[in-house]
Amino acid sequence: MDIKRPQLDEAVRRGLLSDSQATQLWAFLSEQGQNTPSFRMTHILYYLGGMIAIGAMTLFMNLGWESFGGGGLLVISLLYAVAGLGLTEHLLKARHLPIPAGITATFVVVLTPLAVYGLQVMMGWWADGRVYRDYHVFIDWRWLMMELATLAVAALMLWRYRLAFLVMPVAVTLWYMSMDLVPYLFGYNQVDWATRQFVSLWFGLLMTLLAFWVDVRTRHATQDFPFWLYLFGVLTFWGALSSMNSDSEWSKLGYCAINLLMIGIGALLSRRVFAVFGGLGVAAYLGHLAATVFKDSLLFPLALTAIGLGVVYVGILWQRHEARITARLRASLPAVLSEMLANRD
């Protein structure tokens, strides 16, 4: 529940709180919000600076760094990692700033692929044809060792620091693995587009289920640990599903039904990512109907308008009886899931 200061002022006017109580409560909520990611200038600067630093050692790495050789890249990565760990300890323990500490800890994790690449080049274990900057551009099964090492380091850092932003490189790496595993499992010459779609679809679904498991396990935590797993899991699943093509209208209707189900799951779990991608999928299906199936129909826009207004009316009924419906639905859910949803209210 997002509480604004005008709501507390209204509570004072209604006699529910005294003016001093409202002031003290607002001061408490503001203090608590300092360590919760939000769209405020301080946090924008945190994440902007952090993403610039992370991008410098990942996406924006240029070929000039190859001149250091494998050993040089390994040493540079380790020195940066030590500095990042030192900053994390200082920000977390001396300054009590978990958000920038999470960013510097994540910086340490994203150095892992560069360090592994440098070690492989130094030991002569890296075949020609790819350089480090290609890691974020091209699909290649040879990146798997770097990805597995990144997951291991991220798990170690999460065990040590328990900072939610550390899940971001885990989600990104799993997304990369969903693409790099295909040529490893099936071989370059045996991989077609349909196989890539199939693997990405199931990998995305498994990542989403992993996010749900993390969501349940961390239901009492103040940080949102599963956010990045949900984001990249749903992105991978929905992207693969939406890229599949079929001439069957029943298959397209099934696609719409899956997207409607995603919107329902988003409402149930209070996860906007499901609703956003589900809404895009429903819009794409309606666009297909308008452009192909009913392109010359005069009644289709009228019918669609009536359906839209009907959905609005259902929303009005839901709002009117929301407390009773929610109580009944949650009573039918497992206790753990019901408790998790109650913590979101």
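In this text, all values refer to a predicted model and were calculated from it rather than measured experimentally.

A.B. asks: How should I be thinking about the overall build of the protein chain in this particular structure?
C.D. replies: In terms of helices and strands, the protein chain carries 15 helices and 0 strands. Along the three orthogonal principal directions, the C-alpha set of the protein chain runs to about 70 × 65 × 35 Å. A total of 345 residues make up the protein chain; the buried ones form 36% of that total. Pairs at least 24 residues apart make up 63% of the contacts formed inside the protein chain by residues separated by at least 6 positions. As presented, the protein chain carries roughly 20400 Å² of accessible surface, and 68% of it is formed by carbon and sulfur atoms. A gap of 7 Å separates the mean positions of the 24 positive and 21 negative side-chain charges of the protein chain.

A.B. asks: Before we go on, may I ask you to explain the side chain of Asn 259 in this structure?
C.D. replies: Position of Asn 259 relative to the elements: it lies in helix α11 (residues 249–269). Not counting residues up to four positions away in its chain, the partners in contact with Asn 259 are Trp 238, Phe 277, Gly 278, Gly 281 and Val 282.

A.B. asks: Explain the pattern of salt bridges to me, please; I cannot follow it from the model alone.
C.D. replies: Any two side chains of opposite charge can pair, so long as their charged atoms come close to each other. Under the defined criterion, the tally for this structure stands at 9 salt bridges. Across the pair Arg 160 and Glu 89 runs a salt bridge, and its minimum N-O distance is 3.0 Å. Placement of the pair is Arg 160 in helix α7 (residues 144–161) and Glu 89 in helix α4 (residues 69–94), with a sequence separation of 71 residues. Between Asp 224 and Arg 271 there is a salt bridge whose closest N-O contact spans 2.8 Å. In this pair, Asp 224 is assigned in the loop between α9 (193–217) and α10 (227–243) and Arg 271 in the loop between α11 and α12 (272–293), connecting sequence segments 47 residues apart. Asp 224 sits in the partly exposed class, given a relative accessible area of 34%. Residue classification places Arg 271 among the buried positions, given a relative accessible area of 8%. Each of Glu 10, Arg 13 and Arg 14 takes part in salt bridges that share partners, so that together they form one network.

A.B. asks: Looking at this structure, I do not really get α12. What am I missing?
C.D. replies: In an α-helix, one full turn covers 3.6 residues, which means residues spaced three or four apart are oriented alike. For α12, spanning 22 residues, the distance from its first C-alpha to its last is 30 Å, which sits close to the expected 32 Å at 1.5 Å a residue. Within α12 the residues assigned to the buried category are Val 273, Phe 274, Phe 277, Gly 278, Gly 281, Val 282, Tyr 285, His 288 and Leu 289. Across the axial projection of α12, the buried residues extend over an arc of 155°, all falling on one side. Exposed and facing more than 90 degrees away from the buried side of α12 are Arg 272 and Ala 291. Against the buried residues of α12 lie α9, α10, α11 and α13 (299–320).

A.B. asks: What is the right way to look at a nonpolar patch on the surface in this model?
C.D. replies: A surface patch of nonpolar side chains, about 690 Å² in accessible area, is lined by Phe 39, Met 41, Ile 44, Leu 45, Leu 48 and Ile 52. Topologically, Leu 48 is positioned in helix α3 (residues 41–56).

A.B. asks: Any chance you could explain the packing of aromatic side chains here in plain terms?
C.D. replies: Within a pair of aromatic rings, the relevant descriptors are the distance that separates the centres and the angle that separates the planes. For the structure on display, the rule yields 17 aromatic pairs. With a centroid separation of 5.4 Å and 65° between ring planes, the pair formed by Tyr 47 and Phe 165 is classed as edge-to-face. Of this pair, Tyr 47 sits in helix α3 while Phe 165 is found in the loop between α7 and α8 (167–186), placing the two residues 118 residues apart along the sequence. For Phe 165, a relative accessible area of 9% gives the class buried. For the ring pair Phe 294 and Phe 300, a centre distance of 5.0 Å and an interplane angle of 15° mean the geometry is stacked. Ring pairs connect the aromatic residues Tyr 47, Tyr 117, Trp 126, Tyr 132, Tyr 135, Trp 143, Phe 165, Trp 175, Tyr 176, Phe 227, Trp 228 and Phe 232, which therefore count as one cluster. Across the ring face of Trp 126, the terminal group of Arg 142 is positioned such that the distance to the ring centre comes to 5.7 Å.

A.B. asks: Sorry, what's going on with the nonpolar core here?
C.D. replies: Nonpolar side chains in soluble globular proteins tend to be buried together. By size, the foremost hydrophobic cluster in this structure holds 65 residues, and its most contacted members are Met 146, Met 157, Leu 166, Leu 174, Leu 229 and Leu 269. Formed by 5 residues, the second largest nonpolar core is a distinct cluster that contains Cys 256, Tyr 285, Leu 289 and Phe 300.

A.B. asks: Just to check I follow, could you spell out α8 for this structure?
C.D. replies: Under the 1.5 Å per step criterion, the end-to-end length of α8 is 29 Å for 20 residues, consistent within 8% with the ideal 28 Å. Maximal helix bending in α8 amounts to about 30°, located at Asp 180; proline Pro 183 follows within four positions. Within α8, 15 of the 20 residues are buried, which leaves it mostly tucked inside the rest of the structure. Following α8 by one or two positions, Gly 187 adopts a phi angle in the positive range, close to 85°.

A.B. asks: How should the packing of α13 against helix α14 (residues 322–331) be read in this particular structure?
C.D. replies: Two packed helices can be described by the angle between their axes and the distance between those axes. Where α13 meets α14, the closest approach of the two axes is 5 Å, and the angle between their N-to-C directions is 80°. If you check the angle between α13 and α14, you find them roughly perpendicular. Packed against α13, whose contacting residues are Trp 318, Gln 319 and Arg 320, the element α14 presents Glu 322, Ile 325 and Leu 329 at the interface. A class-by-class count of the residues in the contact of α13 with α14 yields 3 nonpolar, 1 polar and 2 charged.

So, how was this worked out
Residues numbered from 1 in each chain as written. Predicted model: local features only at pLDDT ≥ 70, side-chain atom pairs only at ≥ 80, totals over all residues. Heavy atoms only, no water. Helix = DSSP H or I, 4+ residues; strand = E, 2+ residues; numbered from the N terminus. Buried < 20%, exposed > 50% of the residue type's maximum accessible area, 1.4 Å probe, protein only. Contact = heavy atoms within 4.5 Å. Areas by Shrake-Rupley, 256 points an atom, 1.4 Å probe, with all protein chains shown as cover. Lys, Arg positive; Asp, Glu negative; His and termini not counted. Charge placed at Lys NZ, Arg CZ, Asp CG, Glu CD. Salt bridge = Lys/Arg side-chain N within 4 Å of Asp/Glu carboxyl O. Expected span 1.5 Å × (residues − 1). Arc of directions from axis to C-beta. Patch = residues over 30% accessible without salt bridge, like charges linked within 9 Å, V, L, I, M, F, W, Y side chains within 5 Å. Phe/Tyr/Trp six-rings, centres within 6.5 Å; stacked < 30°, edge-to-face > 60°. Lys NZ or Arg CZ within 6 Å of the ring centre and 35° of its normal. Core = buried A, V, L, I, M, F, W, Y, C linked by side-chain atoms within 4.5 Å. Bend = angle between axes of the 7 residues up to and from the residue. Axes fitted to C-alpha atoms, helices over the stretch in contact; angles between N-to-C directions. Parallel < 35°, antiparallel > 145°, perpendicular 65-115°, else oblique. Nonpolar A, V, L, I, M, F, W, Y, C, P; charged D, E, K, R; others polar.

These figures capture arrangement, not role.
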